[in-house]
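# Geometric and topological summary
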Amino acid sequence: MELSEQITANLRSEIEMSGKTKTEIAKAIGVSKPTVSQYLSGRAQPSLATLSKLCNFLEISTDDVLMIKK
């Protein structure tokens, strides 16, 4: 699995575990619902700024999503 695919899988997993809807997420991070769908499908990757907003909204670490080991 490529790195970008693994990041997408991590992001999808975190979103699913959060129980938040695509609409809630889109509104909170300032993107459209279709954009959130693209993030989940891997057709698009969020910018670092958007990823940061998303992780803050979901109350998760960007390190976990990006697989950064400390």
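Scroll up to find the structure this text is about.
I will try to describe carefully the structure that is included in this document. Note that this is a predicted model, so its numbers are computed, not measured. (Residues numbered from 1 in each chain as written. Predicted model: local features only at pLDDT ≥ 70, side-chain atom pairs only at ≥ 80, totals over all residues. Heavy atoms only, no water.)

## Describing the overall build of the chain
How we decide: The way it works is that DSSP assigns letters per residue, a run of H or I at least four long becomes a helix, a run of E at least two long becomes a strand, and they are numbered from the N terminus. Each radius of gyration reported is based on C-alpha atoms, and the globular scaling rule is 2.2 Å times the count of residues to the power 0.38. Relative accessibility decides the category of a residue: with a 1.4 Å probe and only protein chains considered, values under 20% of the type maximum give buried, values over 50% give exposed, and everything between is partly exposed. Contacts between residues were defined by any pair of non-hydrogen atoms, one from each residue, lying within 4.5 Å. The positive count covers Lys and Arg only, the negative count covers Asp and Glu only, and His and the chain ends enter neither. Charge placement uses NZ in Lys and CZ in Arg. For Asp and Glu, CG and CD serve respectively.
On a plain count of helices and strands, the chain comes out with five helices and zero strands. Listed by position from the N terminus, the elements making up the chain come as α-α-α-α-α. Over its C-alpha atoms the chain spans a radius of gyration of 11 Å, differing by no more than 12% from the 11 Å that the globule rule assigns to 70 residues. Principal axes of the C-alpha set define a box for the chain whose edges measure 30 × 25 × 20 Å. Per-residue burial for the chain yields a buried fraction of 31% across its 70 residues. Summarising the internal contacts of the chain: among those between residues at least 6 apart in sequence, 57% fall at separations of at least 24. For the chain, the distance from the average site of its 9 positive side-chain charges to the average site of its 8 negative ones is 7 Å.

## Remarks on helix α2 (residues 22-29)
How we decide: Each direction from the helix axis to a C-beta atom contributes to the arc, which is the arc of those directions.
Every buried residue of α2 is accounted for by Ile-25, Ala-26 and Ile-29. When α2 is viewed along its axis, its buried side chains cluster within an angular range of 100 degrees and face the same direction. Where α2 is buried, its residues meet α1 (3-18), α3 (33-41) and α4 (48-58). Among the residues trailing α2, Gly-30 stands out with phi positive, at a value near 80 degrees.

## A word on the nonpolar core
To be explicit about the condition: Take the buried residues of types Ala, Val, Leu, Ile, Met, Phe, Trp, Tyr and Cys, join any two whose side-chain atoms come within 4.5 Å, and each joined set is a nonpolar core.
Core analysis: the biggest nonpolar cluster contains 16 residues, and Leu-11, Ile-15, Ile-25, Leu-54 and Val-65 have the highest contact counts within it. Within the residue set of this core, elements represented by two or more residues are α1, α2, α3 and α4. Contact partners of Val-65, with chain neighbours within four places excluded, come to Ile-7, Asn-10, Leu-11, Glu-14, Leu-51, Cys-55 and Ile-60.

## Some points on the packing of α1 against α3
Note the following rule: Here, axes are lines fitted to C-alpha atoms. For helices the fit covers the stretch in contact, and angles between N-to-C directions go from 0 to 180 degrees. Should an angle fall under 35 degrees it is taken as roughly parallel, and over 145 as roughly antiparallel, whereas 65 to 115 is taken as roughly perpendicular and any remaining angle as oblique. Each residue receives one of three labels: charged for Asp, Glu, Lys and Arg, nonpolar for Ala, Val, Leu, Ile, Met, Phe, Trp, Tyr, Cys and Pro, and polar for the others, Gly being one of them.
Two numbers describe how α1 lies on α3: the axes approach to 7 Å, and their chain directions differ by 125 degrees. Taken as axis vectors, α1 and α3 run oblique relative to one another. In this structure, α1 uses Thr-8, Leu-11, Arg-12 and Ile-15 to contact α3, whose residues at the interface are Tyr-39, Leu-40 and Ser-41. Residue classes in the contact of α1 with α3 are distributed as four nonpolar, two polar and one charged.

## Here's the deal with the side chain of Asn-10
With respect to the helices and strands, Asn-10 occurs in helix α1. Asn-10 sits in the buried class, given a relative accessible area of 18%. Other than its neighbours up to four places away in sequence, Asn-10 contacts Asp-64, Val-65 and Met-67.

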